[in-house]
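Spelled out from the first residue to the last, the chains are:
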Amino acid sequence: MTNYRFIVIEGNIGAGKTTLSKKIAADYNANLILERFADNPFLPKFYQNPERYSFPLELSFLADRYRQLKEELTPDLFKPLTIADYYFMKSLIFSKQTLSDDEYNLYKQLFDIIQKSLPKPDLFVFLSMSTERLLYQISLRGREYEQNITAQYLEKINSNYIEFIKQQTNLTTLIIDANNLNFVNNPKHYQKIVNAIFSKEYKQGTTTIVK
């Protein structure tokens, strides 16, 4: 068992990061932090009219993520491990795709001011999946406002994630190729991911695992 105290499970839209986070938190009696995207009133509006609602959407996500992490990332003697299904830095990853250059520059100034007070995870896990698999899983979960998400949009978000990961030399990152893993319905596949996360302590930088 590793000594990780704060693990982030990340991935593109539809990668299954929330489902995986819930399963691991339940099995390891961990404190669970889930992104509250469903409560964001701008999200359905953004998918219908991105140009109009991108800036208020990203600002509202930024404020809510910061507030939630400040409240919930507190030491717990009975639950020493915390699992989150998002990393605060994802605010930059998505805003870079959705905002104009001027909006992004302003947004990044605000982001840089507040992110310094938040801890970085001991391990950043990224679930890598093909665009085709992501679209399939998005269709399965049936959220109406997600059905207009395009392959092009997912590919750009993925590119932003990869670019971010390459730049984070002081972050311990584990990329898991999950294209052939059905960790929701197959216990063996789920155990493979758990073993990859907890079987060793990784060094700073990026490690890629293909299952």
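The following paragraphs examine the structure supplied in this document. Because the structure is a prediction, the values reported are computed rather than measured.

## Regarding the side chain of Glu35
Link 1 in the chain: Along the chain, Glu35 turns up in the loop between β2 (31-33) and α2 (43-48).
Link 2 in the chain: Among the residues examined, Glu35 registers a relative accessible area of 12% and is labelled buried.
Link 3 in the chain: Side-chain polar atoms of Glu35 contact the side chain of Arg65, separated by 2.5 Å.
Link 4 in the chain: The contacts of Glu35, once residues within four sequence positions are left out, are Phe61, Arg65, Gln68, Asp85, Tyr86 and Lys90.

## Thoughts on the nonpolar core
Link 1 in the chain: Counting residues in each nonpolar core, the largest one holds 67 residues, and the members touching the most others are Ile7, Ile9, Ile24, Ile176 and Ile197.
Link 2 in the chain: Once you skip the residues sitting within four places of it in the chain, Ile176 turns out to touch Val125, Phe126, Leu127, Ser128, Leu181, Ile193, Ala196, Ile197 and Ile209.

## Observations regarding a nonpolar patch on the surface
Link 1 in the chain: Together, Leu106, Leu110 and Ile113 make up a nonpolar patch on the protein surface, roughly 290 Å² of accessible area in all.
Link 2 in the chain: Assignment of secondary structure puts Leu110 in helix α5 (residues 101-115).
Link 3 in the chain: Relative accessible area serves as the criterion here: at 36%, Leu110 is assigned to the partly exposed category.

## Here we look at unusual backbone geometry
Link 1 in the chain: Positive phi, normally seen in glycine, also occurs at Asn29, with a value near 50°.
Link 2 in the chain: Along the polypeptide, Asn29 turns up in the loop between α1 (17-27) and β2.
Link 3 in the chain: In this structure Asn29 comes out as partly exposed when scored by relative accessible area, which is 42%.

## Focus: the sheet that holds strand β6 (residues 205-210)
Link 1 in the chain: Pairing in this open sheet of six strands is parallel, and the strands run β2-β3-β1-β4-β5-β6 from one edge to the other. Every other strand in the sheet has two partners, leaving β2 and β6 as the edge strands with one partner each. Strand-to-strand twist in this sheet, taken as the mean axis angle between neighbours without regard to direction, amounts to 20°.
Link 2 in the chain: Alignment of strand β1 (residues 6-11) against strand β3 (residues 82-84), held across three bridges, turns out to be parallel.

## What about the pattern of salt bridges?
Link 1 in the chain: Tallying each qualifying case throughout the model produces nine salt bridges.
Link 2 in the chain: One salt bridge in this structure joins Arg65 and Glu35, with 2.5 Å as the shortest N-O distance. Note that Arg65 is positioned in helix α3 (residues 50-72) and Glu35 in the loop between β2 and α2, a separation of 30 residues in sequence. Just as Arg65 is buried, Glu35 falls in that class too.
Link 3 in the chain: Here Arg67 and Asp64 are joined by a salt bridge, their closest N and O atoms 3.0 Å apart. Pair noted here: Arg67 and Asp64 are both in helix α3, with a separation of three residues, about one helical turn.
Link 4 in the chain: Of the residues examined, Asp64 reaches a relative accessible area of 17% and is grouped as buried.

## Some words on the side chain of Arg133
Link 1 in the chain: Here Arg133 shows up in helix α6 (residues 131-141).
Link 2 in the chain: Lacking a salt bridge, the buried Arg133 has Asp177 as its closest oppositely charged neighbour, with an N-O distance of 7.3 Å.
Link 3 in the chain: The contact partners of Arg133, leaving out residues within four places of it in the chain, are Ala178, Asn179, Asn180, Leu181 and Asn182.

## Here we look at the packing of aromatic side chains
Link 1 in the chain: The tally for this structure, following the rule as stated, stands at nine aromatic pairs.
Link 2 in the chain: Among the aromatic residues, those joined into a ring-pair cluster are Tyr66, Phe88 and Phe111.

## Let's talk about the packing of α1 against helix α8 (residues 187-198)
Link 1 in the chain: For the pair α1 and α8, interaxial distance at closest approach is 12 Å and the crossing angle is 70°. On the basis of their axis angle, the class for α1 and α8 is roughly perpendicular. Along its contact with α1, which presents Leu20, Lys23, Ile24 and Asp27, the element α8 presents Tyr190, Ile193, Val194, Ile197 and Phe198.
Link 2 in the chain: In the contact of α1 with α8, the residues fall into seven nonpolar, no polar and two charged.

## Thoughts on the pairing of β1
Remark: a regular strand shows side chains that alternate across the two faces of the sheet.
Link 1 in the chain: Along β1, six of the six residues are buried, which leaves the element largely enclosed by surrounding structure.
Link 2 in the chain: Residues Phe6, Val8 and Glu10 point to one face of β1 and Ile7, Ile9 and Gly11 to the other, with burial holding for every one of them.
Link 3 in the chain: Where β1 meets strand β4 (residues 123-128), five bridges bridge the pair, whose relative direction is parallel. Looking at β4, one finds that Ile7 is bridged to Leu123.

What counts as what
Residues numbered from 1 in each chain as written. Predicted model: local features only at pLDDT ≥ 70, side-chain atom pairs only at ≥ 80, totals over all residues. Heavy atoms only, no water. Helix = DSSP H or I, 4+ residues; strand = E, 2+ residues; numbered from the N terminus. Buried < 20%, exposed > 50% of the residue type's maximum accessible area, 1.4 Å probe, protein only. Polar contact = N/O pair within 3.5 Å; in protein donor to acceptor, adjacent residues only side chain to side chain. Contact = heavy atoms within 4.5 Å. Core = buried A, V, L, I, M, F, W, Y, C linked by side-chain atoms within 4.5 Å. Patch = residues over 30% accessible without salt bridge, like charges linked within 9 Å, V, L, I, M, F, W, Y side chains within 5 Å. Areas by Shrake-Rupley, 256 points an atom, 1.4 Å probe, with all protein chains shown as cover. Salt bridge = Lys/Arg side-chain N within 4 Å of Asp/Glu carboxyl O. Pairing = 2+ DSSP bridges. Axes fitted to C-alpha atoms, helices over the stretch in contact; angles between N-to-C directions. Lys, Arg positive; Asp, Glu negative; His and termini not counted. Phe/Tyr/Trp six-rings, centres within 6.5 Å; stacked < 30°, edge-to-face > 60°. Parallel < 35°, antiparallel > 145°, perpendicular 65-115°, else oblique. Nonpolar A, V, L, I, M, F, W, Y, C, P; charged D, E, K, R; others polar.

Keep in mind these numbers describe shape, not what the thing actually does.
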